[in-house]
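Results of the structural survey
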Amino acid sequence: MNLFADLHDRAKELLEPAIHDYYAGGAADEFALADNENSFARLALLPRMLRGGPPPEPRVDLPGAPGAAPVLVAPTAFHRLAHPEGELATARAAAATGTVLISSMAATTAVDEVVAAAREVRSDAAVWFQLYLQPDPEVTARLVERAESAGCTALVVTVDSPVFGDHVRDRRNGFHDLPPGYEAANMRDLPGGPPGGTRDIEMSPEISWRHLEVLRATTALPVLLKGILHPDDAHLAVAQGVDGIIVSNHGGRQLDAAPAPIDVLPRITRAIGGTLPLLLDGGVRRGTDVVTALALGAEAVGIGRPVLWGLAADGEKGVREVLDRIGADVVRAMALCGVRGPDDLTANLVVPRGFGGLR
Ligand SMILES: Cc1cc2nc3c(=O)[nH]c(=O)nc-3n(C[C@H](O)[C@H](O)[C@H](O)COP(=O)(O)O)c2cc1C
Ligand SMILES: CC(C)CC(=O)C(=O)O
């Protein structure tokens, strides 16, 4: 059970099984996928009592998103497979709730339309663009231009995908490509691509810090790295001058042996905490998960699959329901812990569950 179990059940009823599996699945044996949620369940919160004060108002300042909710929409591909309005529905719901939307490079709607839909709802809606650095720097540069002219306020570079993870469910279901009638709209009309058609997204082990340097020289937008897990890489990211890190194992869809992000967050916080904003995604399903991540050093967290379940269950309304539910649950969790907001959250609130408190 989690906060979104009913929406997941409804989505599963409505989606074609292969599409549900694409969204729900992880890589290989799905150990990392399971661990992401289980690791939160292995942690408990030590609440404080009788502290007085107004109800918590969790808002955080993020690069290109002042006063945002501490829960972001993580980038996920192919929203039109969940609902005919696809990314437009997601964008409207995110904007209505003051939530940062990280729009996937693999979206089925072009980023300029996504940002326009968000800005119709709220003129200062923050949309970040998620990018896989491409081996051909011209292709990357063109994608960045698109994100910039659309009005995105930050770039999120996903660094955990030198190759695509082994998605066993997709292999079994023969789900390799977008079905006819759908396209990865951001990949249209790019150098080296078919005229009037879309280029494939390339994942390449060639990609290195050098490509990142080139990217940073060509854009004034803040750049966050998504998929860092090793504290040494966090140090390198600081040395590169990036604007934030998202600690993530890609929802258990890349290296199945990767640890749960919440389990490595304390090390990364110890390594570089305070030098740049740390975010986390993977397995966040309740307000208490958000509070735990914030207490262990994150500024904010992302949610991936719950948004897809809301979208499949009921379009824009369903995504709104997901974001409203988690927002209210964060406030409840903070109040129950006796904290007034993110600034009050410290690592000594978090203990292992079953920690043998008598010892
Ligand atoms: C169906 C699906 C598609 C995804 N597509 C992308 C993507 O295009 N780019 C990316 O950086 N991450 C992608 N991710 C990873 C998410 O951004 C995020 O790291 C993960 O879903 C968080 O875990 P959660 O689903 O447990 O909340 C995808 C995840 C899922 C489930
Ligand atoms: C189309 C893919 C690149 C999207 C992705 O990152 C994923 O499915 O995890």
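Residues numbered from 1 in each chain as written. Chains lettered and ligands numbered in written order. Predicted model: local features only at pLDDT ≥ 70, side-chain atom pairs only at ≥ 80, totals over all residues. Heavy atoms only, no water.

1. Observations concerning the overall build of the chain
Looking only at helices and strands, the chain has twelve helices and twelve strands in total. Over its C-alpha atoms the chain spans a radius of gyration of 19 Å, differing by no more than 12% from the 21 Å that the globule rule assigns to 359 residues. Across the 359 residues that make up the chain, the buried fraction comes to 57%. In the structure as shown, the chain presents an accessible area of about 15600 Å², 52% of it carried by carbon and sulfur atoms. When the 33 positive and 46 negative side-chain charges of the chain are each reduced to one mean point, those points stand 6 Å apart. (Helix = DSSP H or I, 4+ residues; strand = E, 2+ residues; numbered from the N terminus. Rg over C-alpha atoms; globule rule 2.2 N^0.38 Å. Buried < 20%, exposed > 50% of the residue type's maximum accessible area, 1.4 Å probe, protein only. Areas by Shrake-Rupley, 256 points an atom, 1.4 Å probe, with all protein chains shown as cover. Lys, Arg positive; Asp, Glu negative; His and termini not counted. Charge placed at Lys NZ, Arg CZ, Asp CG, Glu CD.)

2. What to know about the site of ligand 2
Around ligand 2 sit Y22, A77, F78, A106, Y132, M203, H250 and R253, and those are all the residues in its vicinity. Take Y132: an N or O atom from its side chain is 2.5 Å from an oxygen atom of ligand 2. Side-chain polar atom of R253 to an oxygen atom of ligand 2: 2.8 Å apart, as the coordinates give it. Expressed as a share of its isolated accessible area of 280 Å², the protein-covered part of ligand 2 is 87%. For the shell around ligand 2, the per-class residue count stands at six nonpolar, one polar and one charged. (Near = heavy atom within 4 Å. Polar contact = N/O pair within 3.5 Å; in protein donor to acceptor, adjacent residues only side chain to side chain. Nonpolar A, V, L, I, M, F, W, Y, C, P; charged D, E, K, R; others polar.)

3. Structural notes on the pattern of salt bridges
Under the criterion given, the structure shown has 16 salt bridges. R169 is paired through a salt bridge with D21; the nearest N and O atoms lie 3.0 Å apart. Placement of the pair is R169 in helix α7 (residues 168–173) and D21 in helix α2 (residues 17–24), with a sequence separation of 148 residues. A salt bridge links R320 to D324; its shortest N-O distance comes to 3.5 Å. Within this pair, R320 and its partner D324 are both found in helix α12 (residues 305–337), separated by four residues, close to a single helical turn. Classification of R320 as partly exposed rests on a relative accessible area of 37%. In this structure D324 comes out as partly exposed when scored by relative accessible area, which is 36%. (Salt bridge = Lys/Arg side-chain N within 4 Å of Asp/Glu carboxyl O.)

4. Notes on the side chain of S103
Along the chain, S103 falls in strand β5 (residues 101–103). Residue S103 is classed as buried on the basis of its relative accessible area of 3%. S103 has contacts with V114, V127, W128, F129 and Q130, leaving out every residue within four places of it along the chain. (Contact = heavy atoms within 4.5 Å.)

5. Things to note about helix α4 (residues 86–96)
Extensive coverage of α4 is indicated by the burial of nine of its eleven residues. Along α4, the residues classified as buried are G86, E87, L88, A89, T90, A91, A93, A94 and A95. Residues of α4 that are buried make contact with β4 (71–73), β5, α5 (111–121) and α12. The positive-phi residue at the C-terminal boundary of α4 is G98, with phi of around 65 degrees.

6. Section: the nonpolar core
Across soluble globular proteins, nonpolar side chains have a tendency to be buried as a group. By size, the foremost hydrophobic cluster in this structure holds 101 residues, and its most contacted members are Y23, F129, L131, L215, I245, I262 and L280. Excluding residues that lie within four positions of it along the chain, F129 makes contacts with S103, S104, M105, V111, L143, A147, C152, A154, L155, V156 and N186. Counting residues in hydrophobic clusters, the runner-up holds 15 residues, among them L72, I102, A126 and L224. (Core = buried A, V, L, I, M, F, W, Y, C linked by side-chain atoms within 4.5 Å.)

7. Here's the deal with the site of ligand 1
Taken together, 23 residues sit near ligand 1, with P75, S104, T158, R285 and G304 positioned nearest. At 2.7 Å, a side-chain N or O of S104 approaches an oxygen atom of ligand 1. Within the side chain of R285, one N or O atom sits 2.7 Å away from an oxygen atom of ligand 1. Contributing elements (two or more residues each) for the shell around ligand 1: α2 and α12. Grouping the constituent residues of the shell around ligand 1 by class yields eight nonpolar, ten polar and five charged.

8. A short note on the pairing of strand β11 (residues 300–303)
Because side chains alternate across β11, one face comprises the buried residues A300 and G302, and the other comprises V301 and I303, equally buried. Looking at chain direction, β4 and β11 are connected through three bridges and run parallel. Directly across from L72, in β11, lies its bridge partner G302. With helix α11 (residues 287–295) bridging strand β10 (residues 278–281) and its parallel neighbour β11, the resulting β-α-β unit is right-handed. (Pairing = 2+ DSSP bridges. Right-handed = clockwise from strand over helix to strand, strands pointing away.)

9. What about the UniProt feature "domain: FMN hydroxy acid dehydrogenase" (unreviewed entry) in the chain?
When the UniProt feature table is mapped onto this chain, "domain: FMN hydroxy acid dehydrogenase" (unreviewed entry) is found at residues 1–355. Taken end to end, residues 1–355 has its terminal C-alpha atoms 23 Å apart, with 41% of it in helix and 13% in strand. (UniProt positions renumbered as here; feature names shortened; annotations may be inferred.)

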